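Next come the chains, spelled out residue by residue.
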Amino acid sequence: ETSAVRDVSFSIGMGETLGLAGPSGCGKSTLARLVMRLIEPDAGKVIFRGEDWLDLSGSQLRHARRHMQMVFQDTHAAFNPRSTVETVIAEPLRIHDIVARQARDAEIGHLLERVGLSPTFAGRPVLELSGGQRQRVAIARALATRPSLLVMDEAVSALDVSVRSQILELLVSIQQETGLACLFVSHDIAVIRAVCHRVAIMEAGEIVEYGETKRVVSAPQSDTARRLIAA
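Let us look at the structure shown here. Here the structure is a predicted model, which means the values were calculated and not measured. (Residues numbered from 1 in each chain as written. Predicted model: local features only at pLDDT ≥ 70, side-chain atom pairs only at ≥ 80, totals over all residues. Heavy atoms only, no water.)

1. A few points about the overall build of the chain
Phase 1: Scanning the chain from N- to C-terminus turns up 10 helices and eight strands.
Phase 2: The globule rule puts the C-alpha radius of gyration for 231 residues at 17 Å, and the 18 Å found for the chain is close to it.
Phase 3: Considering only C-alpha atoms, the chain reaches an extent of 55 × 40 × 35 Å along its principal axes.
Phase 4: Looking at the chain alone, contacts between residues at least 24 apart form 65% of all its contacts between residues at least 6 apart.
Phase 5: Just so you have it, the chain exposes about 11,700 Å², and 48% of that area is on carbon and sulfur atoms. (Helix = DSSP H or I, 4+ residues; strand = E, 2+ residues; numbered from the N terminus. Rg over C-alpha atoms; globule rule 2.2 N^0.38 Å. Contact = heavy atoms within 4.5 Å. Areas by Shrake-Rupley, 256 points an atom, 1.4 Å probe, with all protein chains shown as cover.)

2. Some points on the environment of Ser-57
Phase 1: Following the sequence through the fold, Ser-57 ends up in the loop between β3 (51-52) and α2 (58-64).
Phase 2: Through-space distance from the C-alpha of Ser-57 to that of Phe-10 is 23 Å; in sequence the pair is 47 residues apart.

3. Looking at the sheet that holds strand β4 (residues 68-71)
Phase 1: Pairing within the open sheet is mixed, and its six strands lie in the order β4-β5-β6-β1-β7-β8. This sheet does not close on itself; its edge strands, each paired only once, are β4 and β8 (206-212). Looking at each pair of strands side by side, their axes are set apart by 15° on average, direction ignored.
Phase 2: Sheet topology places β4 next to strand β5 (residues 149-153); four bridges connect them, and they run parallel. Its bridge partner lying in β5, Val-71 is registered against Met-152. (Pairing = 2+ DSSP bridges. Axes fitted to C-alpha atoms, helices over the stretch in contact; angles between N-to-C directions.)

4. Topic: the layout of surface pockets
Phase 1: What the largest pocket holds in volume is close to 930 Å³.
Phase 2: Lining the largest pocket are 36 residues, with Phe-10, Leu-31, Val-35, Lys-45 and Val-46 positioned closest to its centre.
Phase 3: Taken together, the elements giving at least two residues each to the lining of the largest pocket come down to α1 (28-36), β2 (47-48) and β6 (181-186).
Phase 4: Split into classes, the residues belonging to the lining of the largest pocket amount to 20 nonpolar, nine polar and seven charged.
Phase 5: Of the volumes computed, that of the second largest pocket is approximately 430 Å³.
Phase 6: Of all the secondary structure elements, the ones that give two or more residues to the lining of the second largest pocket are β4, α4 (85-95) and α6 (131-144).
Phase 7: When its residues are assigned to classes, the lining of the second largest pocket shows 10 nonpolar, three polar and four charged. (1 Å grid on protein atoms, 1.4 Å probe; cavity = no way out; pocket = protein on both sides within 12 Å on 5 of 7 lines; lining within 4 Å. Points joined across faces, edges and corners; volume = space filled by probe spheres on them. Nonpolar A, V, L, I, M, F, W, Y, C, P; charged D, E, K, R; others polar.)

5. Observations regarding the environment of Gly-27
Phase 1: Here Gly-27 shows up in the loop between β1 (17-21) and α1.
Phase 2: Each C-alpha atom of the pair Gly-27 and Phe-121 lies 36 Å from the other, and the pair is 94 residues apart in sequence.
Phase 3: Once residues within four sequence positions are removed from consideration, Gly-27 is found in contact with Ala-4, Val-5 and Met-202.

6. What about the packing of α4 against helix α5 (residues 104-114)?
The relative placement of two packed helices comes down to the angle between their axes together with the axis-to-axis distance.
Phase 1: Following both chains from N to C, one finds α4 and α5 inclined at 110°, their axes separated by 10 Å at the closest point. Here α5 runs roughly perpendicular to α4, going by the angle between their axes. Handedness of the crossing formed by α4 with α5: right-handed. Contact with α4, carried on its side by Val-85, Glu-86, Ile-89, Ala-90, Leu-93 and Arg-94, involves Arg-104, Asp-105, Glu-107, Ile-108, Leu-111 and Leu-112 of α5 and no other residues of that element.
Phase 2: Broken down by class, the residue content of the contact of α4 with α5 amounts to seven nonpolar, no polar and five charged. (Parallel < 35°, antiparallel > 145°, perpendicular 65-115°, else oblique. Left-handed = near helix turned anticlockwise from the far one by under 90°.)

7. Thoughts on the pattern of salt bridges
Phase 1: The full count for this structure, using the stated rule, is 11 salt bridges.
Phase 2: Where Arg-6 meets Glu-206, a salt bridge forms, and the shortest distance between an N and an O atom there is 2.8 Å. Pair noted here: Arg-6 is in the segment before β1 and Glu-206 is in strand β8, with a separation of 200 residues, a long-range link.
Phase 3: Overall, Arg-6 belongs to the partly exposed group, its relative accessible area being 34%.
Phase 4: Here Arg-226 ties to Asp-223 by a salt bridge, and the two come within 2.9 Å at their closest N and O atoms. Within this pair, Arg-226 and its partner Asp-223 are both found in helix α10 (residues 223-230), separated by three residues, close to a single helical turn.
Phase 5: Taking the relative accessible area as the measure of exposure, Arg-226 reaches 39% and is therefore partly exposed.
Phase 6: When its relative accessible area of 48% is taken as the criterion, Asp-223 is described as partly exposed. (Salt bridge = Lys/Arg side-chain N within 4 Å of Asp/Glu carboxyl O. Buried < 20%, exposed > 50% of the residue type's maximum accessible area, 1.4 Å probe, protein only.)

Printed below as a string of structure tokens:
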């Protein structure tokens, strides 16, 4: 049997973005899901905020989940199609009891402004939004719980170039304001170069190169990194 991911080790500091790059099927999305505990690993540790995330279960895990949030590539599948923007963002606020009930509307407005949308978007059905607007709402929802770590899984790859650069700028500014750590999964080395402090290059379930993004991009040591940069 083959392992999707094996012997992988990395760290991310506060206010830092680590890129996870590699060809399709190399295990990077699997690794992101393992970190989030959407898949359970067979072995290993995930040390997050000083404790092993894999030791948590039940209400402990549900409570801790607010500190780690994920944004996916497919915004269609990410939302209940009948939702409005407001219900999407209100849900994590309610589940994790982030603000008092009477302060919720103001908090939703604040989160929308933070991702560059007008608070008037709150009443709009999610399905009426463009792809870029939906991705901003997905980021606002992820930020609602005030997480320490944001996992972005190919979260800008479906967007056109100008929208993509706006969303990347948005991420960088939020990170500078809040000290958020980010795990940024992408097959696109140009995007990784734009936002990631360090990069881990994956191939066949293993990290084959790891280092400062500038160094890896300017002088790649592995064939995989060389191929990604050439593409």
